[in-house]
Amino acid sequence: MKDTAKHQGLRNQLAGILEKKGITDKNVLAAIKKIPRHLFLNSSFEDYAYQDKAFPIGAGQTISQPYTVAFQSQLLRVEKGHKVLEIGTGSGYQTAVLWAMGANVYSIERQNELFKATSLLLPKLGIRAKHLSFGDGYKGLPNFAPFDSIIVTAGAPVIPQALMAQLKVGGRLVIPVGEEHQIMTMLVRKNEKQFEKHEFGEFRFVPLLENKN
Ligand code: SAH
């Protein structure tokens, strides 16, 4: 599959749709315009890649809906050079969006099939994640901590303590919390001990699964 002027046009349109839905961060909208989402999907979905919808990516997982990617990315307040940890690499699309926003992205995936495919795809597209890891995201990446922000792209029944511990003071953890459906939740680390909690309404994610590598 190639990236063409037609795809670019569809991306510009998608960014416009997301703006209408309330995404205001210019850095997020620029990343949506830049990253060729159709190249992260099976070619049979090419015609739909720029609709604001989630799609299957194999191993029973989904690429998040663009609005969700944009909403979470906006909450992170990414600045150039920020160290960002992503839990649930999946297709790598969210990873790519964060990279396009100037972040140094560390990402963890627990499905080996997806980990392998995405580890090959990203460099092929010229997208340089700092570190892609195969393992259990509940544990985070203590060796690379602390992070300016952490994004979880699967529904978490509870907020993993390890992720809170790996956040810098002033940093943000953005995580959908819940089983059937999730409440988008943001924790801002105020100091060593205190976190401020914000909630942003309902979303639907595949579950964050523990320890089944
Ligand atoms: N960010 C991805 C979203 C993929 S869906 C994208 O843009 O495509 C969520 C992903 O989280 C799935 O790939 C799933 O395998 C992964 N996941 C679920 N539980 C996990 C865990 N404990 N650790 C790491 N990844 C996990």
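Residues numbered from 1 in each chain as written. Predicted model: local features only at pLDDT ≥ 70, side-chain atom pairs only at ≥ 80, totals over all residues. Heavy atoms only, no water.

Under an unreviewed UniProt entry, the name given to the protein is Protein-L-isoaspartate O-methyltransferase, and the source organism is Flavobacterium cyanobacteriorum. Recorded under Catalytic activity (unreviewed entry), the UniProt text for the protein is reproduced unchanged: "[protein]-L-isoaspartate + S-adenosyl-L-methionine = [protein]-L-isoaspartate alpha-methyl ester + S-adenosyl-L-homocysteine". The annotation that UniProt attaches to the protein under Function (unreviewed entry) is "Catalyzes the methyl esterification of L-isoaspartyl residues in peptides and proteins that result from spontaneous decomposition of normal L-aspartyl and L-asparaginyl residues. It plays a role in the repair and/or degradation of damaged proteins." (UniProt positions renumbered as here; feature names shortened; annotations may be inferred.)

Novice: Where do I start with helix H1 (residues 5–20) in this structure?
Specialist: At 3.6 residues per turn, the α-helix brings residues three or four places apart onto the same side. Taking 1.5 Å per residue, 16 residues should reach 22 Å; H1 reaches 23 Å between its end C-alpha atoms and fits that length. Buried-residue contacts for H1 involve helix H2 (26–34) and helix H3 (66–76). Residue glycine 22 follows H1 closely and has a positive phi angle near 115°. (Helix = DSSP H or I, 4+ residues; strand = E, 2+ residues; numbered from the N terminus. Expected span 1.5 Å × (residues − 1). Contact = heavy atoms within 4.5 Å.)

Novice: Honestly, the site of the ligand in this entry has me stumped. Any pointers?
Specialist: As a structural note, the neighbourhood of the ligand is formed by 27 residues, with Gly88, Ser91, Glu109, Gly137 and Leu209 the closest of them. When isolated, the ligand has an accessible area of 580 Å², and the protein chains bury 99% of it. If you list the elements that add at least two residues to the shell around the ligand, you get strand S2 (61–63), strand S3 (83–87), helix H4 (93–100) and strand S4 (104–109). The biggest single contributor to the shell around the ligand is S2, with three residues. The class makeup of the residues in the shell around the ligand is 11 nonpolar, 12 polar and four charged. (Near = heavy atom within 4 Å. Areas by Shrake-Rupley, 256 points an atom, 1.4 Å probe, with all protein chains shown as cover. Nonpolar A, V, L, I, M, F, W, Y, C, P; charged D, E, K, R; others polar.)

Novice: Before we go on, may I ask you to explain the packing of aromatic side chains in this structure?
Specialist: Two descriptors summarise a pair of aromatic rings, namely the distance from one centre to the other and the angle between the planes of the rings. Going through the model one piece at a time under the given rule, you end up with 10 aromatic pairs. Here tyrosine 67 and phenylalanine 71 contribute two aromatic rings whose centre-to-centre distance is 5.7 Å and whose plane-to-plane angle is 40°, an arrangement assigned as tilted. Taken as a pair, tyrosine 67 and phenylalanine 71 lie in helix H3 at a separation of four residues, close to a single helical turn. Look at tyrosine 67 and you get buried, because its relative accessible area is 18%. When the ring of phenylalanine 71 is compared with that of phenylalanine 200, the centres are 5.9 Å apart and the planes differ by 75°; the resulting orientation is edge-to-face. Within this pair, whereas phenylalanine 71 is found in helix H3, its partner phenylalanine 200 is found in strand S9 (residues 195–203), the two being separated by 129 residues in sequence. When its relative accessible area of 14% is taken as the criterion, phenylalanine 71 is described as buried. Residue classification places phenylalanine 200 among the partly exposed residues on the basis of a relative accessible area of 30%. Members of the aromatic cluster, joined through ring pairs, are Tyr67, Phe71, Phe200 and Phe203. If you follow lysine 83 out to its NZ or CZ, it ends over the ring of tyrosine 106, 5.8 Å from the centre. (Phe/Tyr/Trp six-rings, centres within 6.5 Å; stacked < 30°, edge-to-face > 60°. Buried < 20%, exposed > 50% of the residue type's maximum accessible area, 1.4 Å probe, protein only. Lys NZ or Arg CZ within 6 Å of the ring centre and 35° of its normal.)

Novice: Explain the environment of alanine 54 to me, please; I cannot follow it from the model alone.
Specialist: Mapped onto the elements, alanine 54 comes out in the loop between H2 and strand S1 (55–58). In sequence terms alanine 54 and alanine 15 are 39 residues apart; their C-alpha atoms lie 16 Å from each other. If we ignore the near neighbours within four places in the chain, the residues touching alanine 54 are Arg37, Ile63, Ser64 and Gln65.

Novice: Explanation requested: the nonpolar core in the structure shown.
Specialist: As a rule of thumb, soluble globular proteins bury nonpolar side chains together. Ranked by internal contacts, the top residues of the largest apolar core, which has 42 residues, are Leu18, Ile23, Ile32, Phe40, Tyr93 and Leu98. For this core, the secondary structure elements donating two or more residues are H1, H2, S1, H3, H4, helix H5 (112–124) and strand S8 (182–189). A total of six residues in this core trace back to one element, the largest contributor, which is H3. Those residues in contact with leucine 98 that lie beyond four places of it in its chain are Ser73, Leu76, Val78, Val84, Ala103, Val105 and Ile151. Judged by nonpolar contacts, the second largest core, of 18 residues, contains Leu85, Ile150, Leu167 and Leu208. (Core = buried A, V, L, I, M, F, W, Y, C linked by side-chain atoms within 4.5 Å.)

Novice: Where do I start with the pattern of salt bridges in this structure?
Specialist: When the charged atoms of two side chains with opposite charge come close together, those side chains can pair. If you walk through the whole model with that rule in mind, you get eight salt bridges. Close ionic contact of aspartate 52 with lysine 21 constitutes a salt bridge, the shortest N to O distance being 2.5 Å. Taken together, the residues span a long stretch of sequence, with aspartate 52 in the loop between H2 and S1 and lysine 21 in the loop between H1 and H2 at a distance of 31 residues. A relative accessible area of 14% means that aspartate 52 is categorised as buried. The partly exposed category is assigned to lysine 21, whose relative accessible area is 42%. The salt bridge partner of arginine 189 is glutamate 192, with a shortest N-O separation of 3.7 Å. The buried category is assigned to arginine 189, whose relative accessible area is 8%. Glutamate 192 sits in the exposed class, given a relative accessible area of 59%. (Salt bridge = Lys/Arg side-chain N within 4 Å of Asp/Glu carboxyl O.)

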